[in-house]
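Architecture and fold: a report
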Amino acid sequence: MLKRLICALSLIYVAGLYSADEPKKEGLQNDPYKLAPDGSIAVIPYNPRQQELVDKLGKEIDEYHNQINEKLKFLSFEKRMKDSRYGQVGYARDIHLPYESPYVQHSRYVMKLKGGGGAEGGGFSLDEISFWSRKSLTQHHKEPVTIYREMKNSASNGGVKGLTVSVRTVTVADDTINSYELDKIQSPWDRMRLVRTYRDRLLEVLRSVDRYIMSRGKVQAREVSETILEVTVGGDFQEP
């Protein structure tokens, strides 16, 4: 029994050492004071494992871009494109969090398309896609503040070469925008999170279009079924 207790305590101690070592490893790649020779904030490179994961995510993203291009045929057939763009909006949400001012949040995504014309399926392909949110404070007797956040990528370049995020803050007195390109974000952990988030949002786009396709298919199936039923059931025919 004593031996088991000693072994258990040893395992806990070793696990504690490893867990305590993790922040140190992350800290090596997260230095807000690290500067490049020209005075800009230095970009910390990926380690081999991180680079492998980012490359894998890039391949998944290219595959999702290709799947979206296939769905564009349906959207073109349904005449859902407008000015070579297609997008969907989310429901407005009232957010009430402890110790924070209440606010309303809106979200949407917009696909900028290229091509079109006489090619089969409309000939459209994905040029750029952006995910957008707007956060507006709603508390009375406080200065109105609206914050726009956007994640955008150029699908034409492949992978995440054109991935950027931007923050626009609008107050009564000011309107400022800060933009950050993926390759210039210092922390490799933040770059990985951004790439993974973009991958996940692409998957949501595919699911949203699939739901639209499914709903159209259900409407068609219901109308055909009801029509067949009604023309099947009839009475004795006679001269009008």
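In this text, all values refer to a predicted model and were calculated from it rather than measured experimentally.

This part is about the pattern of salt bridges. The full count for this structure, using the stated rule, is ten salt bridges. Here E70 makes a salt bridge to K73, at a shortest N to O gap of 3.5 Å. Of this pair, E70 and K73 are both found in helix α2 (residues 48–77), three residues apart, which corresponds to roughly one turn of the helix. Between R201 and E204 there is a salt bridge; the shortest N-O distance is 3.0 Å. Separated by three residues within a single helix, R201 and E204 lie in helix α3 (residues 188–232), roughly one turn from each other. The class for R201 is partly exposed, based on a relative accessible area of 30%.

On to the side chain of R199. Summarising the element assignment, R199 is placed in helix α3. By relative accessible area, which is 16% here, R199 ends up buried. Engagement of the side chain of R199 in a polar contact is seen with the side chain of D200, the distance being 2.7 Å. Residue contacts for R199: discarding those within four places in its chain leaves L57, E60, I61 and Y64.

Now for the confidence of the model for the protein chain. Per-residue confidence for the protein chain gives a mean pLDDT of 82, with 81% of residues at or over 70. With pLDDT under 50 throughout, residues 11–25 is counted as low confidence; its partners more than four residues away or in other chains account for zero contacts.

The next point concerns the packing of α2 against α3. Following both chains from N to C, one finds α2 and α3 inclined at 25°, their axes separated by 10 Å at the closest point. Taken together, the axes of α2 and α3 lie roughly parallel to each other. For the pair α2 and α3, the crossing hand works out as left-handed. Of the residues assigned to the contact of α2 with α3, the class counts are 20 nonpolar, three polar and six charged.

Taken as a whole and judged by the stated rule, the model has four aromatic pairs. With a centroid separation of 5.4 Å and an interplanar angle of 70°, the aromatic rings of F74 and Y212 are classed as edge-to-face. In this pair, F74 is assigned in helix α2 and Y212 in helix α3, connecting sequence segments 138 residues apart. We note that F74, like Y212, is buried. Taking 6.2 Å as the distance between ring centres and 80° as the angle between the ring planes, the aromatic pair formed by F131 and Y198 counts as edge-to-face. In this pair, F131 sits in strand β4 (residues 124–137) while Y198 sits in helix α3, placing the two residues 67 residues apart along the sequence. Residue class for F131 comes out buried when judged on its relative accessible area of 5%. An aromatic cluster is present here, built from Y109, F131 and Y198 joined pairwise through their rings. Over the ring of Y46 we find R191; its NZ or CZ atom is 4.3 Å from the centre of that ring.

Two elements, strand β1 (residues 85–89) and strand β3 (residues 103–115), share five bridges in a ladder whose sense is antiparallel. For R85, the partnering residue across the bridge sits in β3 and is K112. Across three bridges, the pairing between strand β2 (residues 93–95) and β3 is antiparallel. Paired with R93 across the bridge in β3 is Q105. Where β3 lies against β4, 13 bridges are found, and the strand directions are antiparallel.

The next subject is unusual backbone geometry. One non-glycine residue, D83, adopts positive backbone phi at about 55°. Tracing the sequence through the fold places D83 in the loop between α2 and β1. In this structure, S84 takes a positive phi of about 60° despite not being glycine.

Taken together, the seven bridges between strand β5 (residues 146–154) and strand β6 (residues 164–170) define a ladder with antiparallel strand orientation. When the bridges of β6 are listed, Y148 appears paired with R168. Where β6 meets strand β7 (residues 175–181), seven bridges bridge the pair, whose relative direction is antiparallel. Residue pairing for β7: T169 is matched across the bridge by T176. Connecting the antiparallel pair β6 and β7 is a turn made up of four residues.

Reading the values: rules and limits
Residues numbered from 1 in each chain as written. Predicted model: local features only at pLDDT ≥ 70, side-chain atom pairs only at ≥ 80, totals over all residues. Heavy atoms only, no water. Salt bridge = Lys/Arg side-chain N within 4 Å of Asp/Glu carboxyl O. Helix = DSSP H or I, 4+ residues; strand = E, 2+ residues; numbered from the N terminus. Buried < 20%, exposed > 50% of the residue type's maximum accessible area, 1.4 Å probe, protein only. Polar contact = N/O pair within 3.5 Å; in protein donor to acceptor, adjacent residues only side chain to side chain. Contact = heavy atoms within 4.5 Å. pLDDT = per-residue confidence, 0-100. Axes fitted to C-alpha atoms, helices over the stretch in contact; angles between N-to-C directions. Parallel < 35°, antiparallel > 145°, perpendicular 65-115°, else oblique. Left-handed = near helix turned anticlockwise from the far one by under 90°. Nonpolar A, V, L, I, M, F, W, Y, C, P; charged D, E, K, R; others polar. Phe/Tyr/Trp six-rings, centres within 6.5 Å; stacked < 30°, edge-to-face > 60°. Lys NZ or Arg CZ within 6 Å of the ring centre and 35° of its normal. Pairing = 2+ DSSP bridges.

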